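Below, each chain spelled out in residue letters.
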Amino acid sequence: MDFLQIIVTLLGVIMFLVKIVWELIKIFIPLKYKMKEISGEIALVTGGAGGLGRSIAIELSKHGAIVVIWDINEKGIKETIKLIEDAGGICYGYVCNLINREEIYERATQLKKEVGKVTILINNAGVFNCQKFQNIPDNKLLETMQVNIISQFWTTKAFLPEMIECNKGHIVSIASICGYRGCPYLADYCSSKYGILGFYEALEMELYFEGSKINTTVVCPAFIIDTGMNAEKYITSRTMIPNMGHEEVARQTIIGMRCNKRNISVPGYTLIIRIINSIFPWAFYPIFTFFIKFMRIPFGKNCD
């Protein structure tokens, strides 16, 4: 190893240690000093007509953001708008089919003309199947990938250029703990969530290398009841896992986004799954199988 390589290696180690120390210091900084102000920001939430998306939209409005929601459910859009406006917030809604790329671009143009530049993009919309892989119809497999991950390519392309131009913005995606560890009977869902993690990791690095101040956040919840995807049909009250309400996930999402966190695990203890999977991937299958049986998660019983 020549002298230059030694210097570069030492600099890398020093930067790594400084980063660790800074992250440790941040643990002791009160939350209120870490959160950025989002009042007056224009925030777009996909899938905001109900469930987690509606809760995120309401949470954003509590902090003074101007909220825009996209969904295919026109009735749900109107309900969300009314809830926010009745509480004194500002909300706009557009019917948008996220499977249709051209419609996404058209709605984005319309939004910019009628509301303004989006500085917070929250890709929340998602669909959920729970079946043996070979039993999932082809159109459902395509729908899962198109809504859960491919639509995020188009929404990001629609709003990222102006964020880059202003050197300001935040892009958030609702992924899942299933993006770190595959689950039985959720092959297409897990695939889409794995895709989200890879997309945002690459996008974050790309923005960093370009010197951009745009932030990205990926939220990885565990099982959420009443998400709007009917997940409660499969993860029932018979499990020993505490049923998380979407209001709490929404609250943690906005706190994490305001603190510029890159990755959020909800609830926090699910971080253990990610750590075990990273260190002992070959040992995770028996551990995960035991976890499912011990927690009495009804995978395979209600999934066909």
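Look above for the structure.
In this report, we go over the structure that sits alongside the text.

Calculation notes
Residues numbered from 1 in each chain as written. Predicted model: local features only at pLDDT ≥ 70, side-chain atom pairs only at ≥ 80, totals over all residues. Heavy atoms only, no water. Phe/Tyr/Trp six-rings, centres within 6.5 Å; stacked < 30°, edge-to-face > 60°. Buried < 20%, exposed > 50% of the residue type's maximum accessible area, 1.4 Å probe, protein only. Helix = DSSP H or I, 4+ residues; strand = E, 2+ residues; numbered from the N terminus. Pairing = 2+ DSSP bridges. Right-handed = clockwise from strand over helix to strand, strands pointing away.

## Some words on the packing of aromatic side chains
Taken as a whole, this structure holds six aromatic pairs when the rule is applied. Geometrically, the ring pair formed by Phe153 and Trp154 is edge-to-face, given 6.3 Å between the ring centres and 85° between the ring planes. The partly exposed category is assigned to Phe153, whose relative accessible area is 31%. Ring plane angle 70° and centroid distance 5.1 Å describe the contact between Phe199 and Tyr200, whose orientation is recorded as edge-to-face. Judged by its relative accessible area of 18%, Phe199 is buried. With relative accessibility at 2%, the residue Tyr200 sits in the buried group.

## Topic: the pairing of strand β1 (residues 42-46)
Across the five residues of β1, five count as buried, placing the element largely inside the fold. Going residue by residue along β1, you find Ile42, Leu44 and Thr46 tucked away on one face and Ala43 and Val45 tucked away on the opposite face as well. Pairing between β1 and strand β2 (residues 66-71): five bridges, direction parallel. Following the sheet pairing, Ala43 is matched in β2 by Val67. Tracing the backbone out of β1, into helix α3 (residues 51-62) and back to the parallel element β2 gives a crossover that is right-handed. Bridge analysis of β1 against strand β4 (residues 120-123) gives three bridges, and the strand direction is parallel. Looking at the pairing, Val45 lines up with Ile122 of β4.

## Let's talk about unusual backbone geometry
Unusually for a residue other than glycine, Asn167 sits at a positive phi of about 55°. Along the polypeptide, Asn167 turns up in the loop between α6 (138-166) and β5 (170-174). Judged by relative accessible area, Asn167 falls into the partly exposed class, the value being 31%. At Asn260, a position not held by glycine, the phi torsion is positive, near 60°. Its location among the elements puts Asn260 in the loop between α8 (246-258) and β9 (263-266). Accessibility expressed as a relative area gives 33% for Asn260, which makes it partly exposed.

## Overview of the pairing of strand β3 (residues 90-95)
One ladder, built from six bridges, connects β2 with β3; its direction is parallel. Across the sheet, residue Val67 finds its bridge partner in β3, namely Cys91.

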